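What follows is each chain in one-letter form.
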Amino acid sequence: MNLEITGKTKLCGVMGDPIEHSISPAMHNAAFRALGLHYAYVPFHVRRGDLPAALQGMRALNIRGLNVTIPHKVAIIPLLDEIDPLARQIGAVNVLLNDSGRLIGYNTDAEGFLHVLVEHGIEPQGKNVVVLGAGGAARAICFALASRGAALTILNRTAAPAQACAEDISKTFSLPMKVLDLNRENLAYALQQASVLVNATSVGMLPAAGASPVDRDLLGTHLTVMDIVYNPHKSKLLREAEKAGATTINGLEMLIWQGALAFEKWTGRQPPLNVMRKAATAALKKYEK
Ligand code: ATR
């Protein structure tokens, strides 16, 4: 069925900066089409300073739902009318629902990440896990890992957001947690003792795909390396981790799961996961040509 835009069409989308490499439009529009829903999904390029105006626009234009991505997931919290309790605990929002002009913020990243752990048979209980980053995605991932009993080491380029992330998570879970600056020496120390490494920074994402947050000689067979980057499909970090004999998992499944859970909130319908997975994979292939 074609995606026909009519007077009944409800609008959803994703806002972030950069946004042009997003595969969420392909994934969600395929899902709307598959279920014959009068919805459409578009990308919105919203820069940091334009966030309050964008939210006013969402209300005024009666946009039904949005995904929120880099760099807005944390900054958006004080600007919303209501925050779901889980998103409040995590301190980050990746899904907005417009309920008759009231903007409600949710977090589906954490649950999406947990689905990926289960799919790959990873049991974080008692394991040392290194997380790179302290933005919105990192907060959701740290929260999910802490909820499964992992001992976390958070490394970030900037100290303050990492401290805030650790403090907020400690309000819900009392687990061992370290915060370090993101540099080679600290990475070498943390990775020696870890069995899982998660890159939750945007380093390595298109259009800057030539970068990796970790020097290749610090990677080894003892690690499972997960990257939230899905575009390119295999980031430099994952390519080098694979060469070093580590198990690797890219960010695509987390993207699909967080999107599926968002779809459910906007439409009230069961998300067609396989349709979404197929569309997301096909959209990625187009970029890689
Ligand atoms: P999101 O909400 O999607 O996680 P974000 O809040 O902008 O996006 O967070 C991006 C993360 O990637 C942050 O941890 C950021 O580090 P800073 O807190 O120091 O800004 C990290 N990041 C982005 N670019 C980076 C780079 N070039 N080197 C290291 N870390 C980087």
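This is a predicted model, so every value here is computed, not measured.

**Student:** Quick rundown of the sheet that holds strand β9 (residues 177–181)? Include the residues and the values.
**Tutor:** Read from one edge of the open sheet, six strands run β9-β8-β7-β10-β11-β12, paired in parallel fashion. Whereas interior strands pair on both sides, the edge strands pair on one side only; in this sheet they are β9 and β12 (247–249). Pairs of neighbouring strands in the sheet enclose a mean axial angle of 15°, with direction left out of account. Across five bridges, the pairing between strand β7 (residues 128–132) and strand β8 (residues 151–156) is parallel. In the sheet register, Asn128 faces β8, and the bridge partner there is Ala151.

**Student:** Quick one: what's the story with the side chain of His72, residue by residue and with numbers?
**Tutor:** Position of His72 among the secondary structure elements: in the loop between β3 (65–68) and β4 (82–83). Look at His72 and you get buried, because its relative accessible area is 1%. In this structure, His72 is in contact with Met15, Gly16, Val46, Arg47, Arg48 and Leu51, ignoring residues within four places of it in sequence.

**Student:** Lay out the packing of helix α9 (residues 252–267) against helix α10 (residues 273–288) with the relevant residues and their values.
**Tutor:** At a minimum axis separation of 10 Å, α9 and α10 run at an interaxial angle of 135°. When the axis of α9 is compared with that of α10, the two are oblique. Relative to α10, the crossing made by α9 is right-handed. Contacts between α9 and α10 pair Leu252, Glu253, Ile256, Trp257, Gly259, Ala260 and Phe263 from the former with Leu273, Met276, Arg277, Ala280, Thr281 and Leu284 from the latter. Split into classes, the residues belonging to the contact of α9 with α10 amount to nine nonpolar, two polar and two charged.

**Student:** Please provide a residue-by-residue account of the sheet that holds strand β2 (residues 39–45), values included.
**Tutor:** In space, the six strands of this open sheet follow the order β2-β1-β3-β5-β6-β4, with mixed pairing throughout. Unpaired on one side and paired on the other, β2 and β4 mark the two borders of the sheet. Bridge analysis of β4 against strand β6 (residues 102–106) gives two bridges, and the strand direction is parallel. By the bridge assignment, Glu82 is partnered in β6 with Ile104. Where helix α1 (residues 24–35) meets the sheet, its contacts fall on β1 (10–16), β2 and β3, and the angle it forms with β2 comes to roughly 170°.

**Student:** Give a description of the domain arrangement of the protein chain that names residues and reports values.
**Tutor:** Considered domain by domain, the protein chain is made up of domain 1 (10–107 + 253–288) and domain 2 (110–250). For domain 1 versus domain 2, the distance between C-alpha centres works out to 23 Å. Listed per partner, the contact involves 23 residues of domain 1 and 26 residues of domain 2. Taken over both partners, the interface formed by domain 1 and domain 2 buries close to 2100 Å², and the fraction arising from carbon and sulfur atoms is 67%. Along the contact surface separating domain 1 from domain 2 lie one salt bridge. Residue Glu119 is joined to Arg277 by a salt bridge in which the shortest nitrogen-to-oxygen separation is 3.9 Å. Across the domain 1-domain 2 interface, the total number found is four residue pairs in polar contact (both at pLDDT 80 or more). Elements with a contribution of two residues or more to the side of domain 1 that touches domain 2: α3 (85–90), α9 and α10.

Conventions used here
Residues numbered from 1 in each chain as written. Predicted model: local features only at pLDDT ≥ 70, side-chain atom pairs only at ≥ 80, totals over all residues. Heavy atoms only, no water. Pairing = 2+ DSSP bridges. Helix = DSSP H or I, 4+ residues; strand = E, 2+ residues; numbered from the N terminus. Axes fitted to C-alpha atoms, helices over the stretch in contact; angles between N-to-C directions. Buried < 20%, exposed > 50% of the residue type's maximum accessible area, 1.4 Å probe, protein only. Contact = heavy atoms within 4.5 Å. Parallel < 35°, antiparallel > 145°, perpendicular 65-115°, else oblique. Left-handed = near helix turned anticlockwise from the far one by under 90°. Nonpolar A, V, L, I, M, F, W, Y, C, P; charged D, E, K, R; others polar. Domains from an automatic or database assignment. Buried area = accessible area lost by both parts, 1.4 Å probe. Salt bridge = Lys/Arg side-chain N within 4 Å of Asp/Glu carboxyl O. Polar contact = N/O pair within 3.5 Å; in protein donor to acceptor, adjacent residues only side chain to side chain.

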